[in-house]
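Here is how the chains run, residue by residue.
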Amino acid sequence: MNTIDIDSPIITKNRIEYNYRINGNWKKLFKEEKFFVEYNYNIDNVPESIAIIPLICNILPISWLCDAKINIKDCDKNFFESIPEFKEGYVQMYPNLEFKGSIEASKLTKNKMKNPKGALAFFSGGVDAFNTLLNHIEEKPTMFTVWGADIKIKDEIGWKNVENHIKEVGNEFKLSYIIAKSNLRECFYENKLCELVKDSKDTWWHGFQHGIGLICLAAPITHIKEIKTIYFASSYTEKEKGKFTLASDITIDPYLRISDTNVVHDGYEFNRQDKVHNIVEYSRKNNKKVKLRVCWQENAGKNCCNCEKCWRTMLGLFAENADPKDYGFNYTSKQLKRIKNSDGFEHVEIWYEPIQKALKKNVKYEDLPNEIKWFYKIDINKLGHHPIYSNLKKIIRKVKRLIKRIQNEQQ
Ligand SMILES: [Zn+2]
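In this report, the structure presented in the accompanying data block is examined. Everything quoted here is computed from the prediction, not taken from an experiment.

## Some words on helix H10 (residues 308–318)
Burial analysis of H10 places nine of its 11 residues in the buried class, the great majority of the element. Regarding H10, the residues found buried are Cys310, Trp311, Arg312, Thr313, Met314, Leu315, Gly316, Leu317 and Phe318. Against helix H4 (127–135), helix H9 (272–286), helix H12 (348–362) and helix H13 (373–377) lie the buried residues of H10.

## What about the packing of H4 against H9?
Two elements in contact, H4 and H9, have axes whose closest approach is 9 Å; the angle formed by their N-to-C orientations is 50 degrees. Taken together, the axis directions place H4 and H9 in an arrangement best described as oblique. Pair H4 / H9 crosses with left-handed handedness. Where H4 approaches H9, its residues Val127, Asp128, Phe130, Asn131, Leu134 and Asn135 are matched on the opposing element by Arg272, Lys275, Val276, Asn278, Ile279 and Tyr282.

## Topic: the nonpolar core
Ile53, Ala121, Phe122, Phe144, Ile215, Cys216 and Ala218 are the most contacted members of the largest nonpolar core, which has 106 residues in total. No other element matches the nine residues that helix H2 (residues 53–65) contributes to this core. Formed jointly, this core draws a minimum of three residues from each of two domains, domain 1 (3–266) and domain 2 (291–382). Leaving out residues up to four positions away in the same chain, Cys216 has contacts with Ile53, Pro54, Ile56 and Cys57.

## Describing the sheet that holds strand E5 (residues 36–39)
Strand order in this open sheet of nine strands is E2-E3-E5-E10-E9-E8-E11-E13-E12, and the pairing throughout is mixed. Edge positions in the open sheet fall to strand E2 (10–12) and strand E12 (257–258), since each of these has one partner strand only. Here three bridges tie strand E3 (residues 15–17) to E5, and the two strands are oriented antiparallel to one another. Looking across to E5, one finds that Ile16 is bridged to Val37. Against the sheet, H4 makes contact with strand E8 (117–122), strand E9 (142–147), strand E11 (227–233) and strand E13 (261–266), and its axis sits at roughly 145 degrees relative to E11, the strand it touches most.

## Some points on the sheet that holds strand E1 (residues 3–6)
Spatial ordering of the open sheet is given by E4-E1-E6-E7, a layout of four strands whose pairing is mixed. Two strands lie at the open edges of the sheet, namely strand E4 (20–23) and strand E7 (102–109), each paired on one side alone. Along the sheet, successive strands turn relative to each other by an average axial angle of 20 degrees, direction set aside. Here E1 runs beside E4; their pairing, made up of four bridges, is antiparallel. Bridging from a neighbouring strand, Ile6 pairs with Tyr20 of E4.

## Focus on the pairing of E13
In the sheet, E11 pairs with E13 via five bridges, with the strands oriented parallel. In the strand pairing of E13, Thr229 is matched with Asn262. As paired elements, E12 and E13 share two bridges and run antiparallel to each other. For Arg257, the partnering residue across the bridge sits in E13 and is Asn262. Hairpin geometry of E12 and E13 is characterised by an intervening segment of two residues between the two adjacent antiparallel strands and by a positive phi of about 50 degrees at Ser259.

Calculation rules
- Residues numbered from 1 in each chain as written.
- Predicted model: local features only at pLDDT ≥ 70, side-chain atom pairs only at ≥ 80, totals over all residues.
- Buried ≥ 20, exposed ≤ 12 C-beta atoms within 10 Å, placed from the backbone.
- Helix = DSSP H or I, 4+ residues; strand = E, 2+ residues; numbered from the N terminus.
- Contact = placed C-beta atoms within 7 Å.
- Axes fitted to C-alpha atoms, helices over the stretch in contact; angles between N-to-C directions.
- Parallel < 35°, antiparallel > 145°, perpendicular 65-115°, else oblique.
- Left-handed = near helix turned anticlockwise from the far one by under 90°.
- Core = buried A, V, L, I, M, F, W, Y, C linked by C-beta atoms within 7 Å.
- Domains from an automatic or database assignment.
- Pairing = 2+ DSSP bridges.

The values reported here are purely geometric and, on their own, carry no functional implication.
Shown next as C-alpha cells:
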C-alpha cells in the first residue's frame with residue numbers, strides 16, 4: 001500500500017522543512033531531498049496546522065493518482081474540509097483518470113483570524129498577473145512570487161532578474177512583496193510524474209500541480225498577515241471552459257480554503273487581449289510604467305522576443321496602439337520580422353483572433369511597423385501555415401518515398 005507519514009513541520013524563522021517516510025511503489029516518484037519552503041518574511045509563529053499545508057497541496061494530486069494514504073498530525077480544519085471540494089475539479093477535468101487516495105489527520109484545528117482583511121496576489125509578471133494586480137490595486141495587494149516555479153532554485157542569475165523586476169513593480173505601484181523559495185518541482189521526479197498522467201495528454205506541472213501547489217505556499221503568509229483573499233490569475237475565460245486542461249481552474253482554485261482566507265480565480269471574465277487592453281489603459285491613465293515578464297524560455301528571467309508567448313504579447317500590445325518596447329520587450333527589427341515565418345503559433349482562434357480584431361479596431365494599417373503589417377490582413381486560420389514549409393514537407397515526403405522504392409527495387 002502506498003503511504004506517507006509526515007512529521008510535524010520544522011519551522012525556523014523564515015523556513016519550513018518537512019520530514020516524511022514514504023512506503024510503497026509510489027516512492028519512486030519522490031527524490032531523496034525533502035520538500036522545503038522559505039520566505040523573505042518571518043513565519044516562525046505559524047501554527048503547525050497551517051505550516052503543513054504547502055507540502056500537502058503538492059503531494060495531494062500524486063496521492064490521488066497513486067491511491068496513497070497521507071498521514072499527518074495536525075491540519076487546519078477549513079483547509080482539510082475543502083480538500084474533497086477542489087479534488088472534484090480534478091475528477092471532472094480528467095474523466096479518464098482515477099482519483100483515489102485518502103488523507104488522515106490526528107487532529108483538526110479550527111484557526112480563527114481576529115480581523116481578516118486585504119489581499120495577496122500571485123505575481124509572475126505576465127499579462128494575467130498584471131491584469132489582476134491592477135484591477136485590485138485599490139486593495140493594495142501584497143505581491144507573492146515563487147522561486148522554484150518557472151525559475152529553477154539553482155538559477156541565481158535568472159532569479160536576480162525576476163526579483164529586480166518585482167522590486168521595480170513594487171516601487172512603481174507602492175506595493176509590498178513576498179518571495180517564497182521552494183523545491184516544489186525539484187523534489188519530485190517530474191518526468192516520472194508526467195509518465196503517470198500521460199493519458200491526460202497534459203504534463204504534470206501544467207495540468208496537475210501548479211494551481212493548488214503554488215497557492216498553498218502562501219498559507220503561512222496569509223495566516224500570519226491575516227489576509228482575507230488570495231487572487232490567482234486565470235489564463236482562460238468562460239468561453240474556453242472544458243476545452244483545455246490546466247491545474248489552475250475555475251473548478252479547482254475557488255474551492256480551496258485556508259483558515260479564514262478564500263481564493264479567487266481572478267480575471268475569468270477577460271480574454272488575454274482584454275487584459276492587455278486593461279494594462280495599457282491603466283498605464284496611460286495613471287502614467288505608470290508596466291514592465292511585463294511573460295517569457296518562460298530559459299532566458300535569465302527576461303523576455304526573449306523569440307518565442308510564441310513573447311510574440312503573442314508583443315502583437316497584443318501593438319494592437320492596443322502601444323510599443324512593446326515600453327512594456328518590457330526589447331526587440332530588434334530582425335526579431336519582429338521573424339514572427340511572420342514562424343510555425344509555432346498555438347490556439348490561433350483563442351489567442352490570435354482577438355488580437356487581430358483589436359488591431360483592426362485600434363490601429364491604422366499604415367501606422368503599423370512594416371515588419372508586422374502582414375498580420376493585419378492575414379486570414380487568421382492560415383496563421384503558421386507557410387506554403388514554403390508545406391512545400392518543403394511535401395518534397396521531403398516525396399524523397400522518402402523515392403528512397404524506399406529504390407531500396408525495394410535493389411532487394
Ligand atoms: Zn520569449
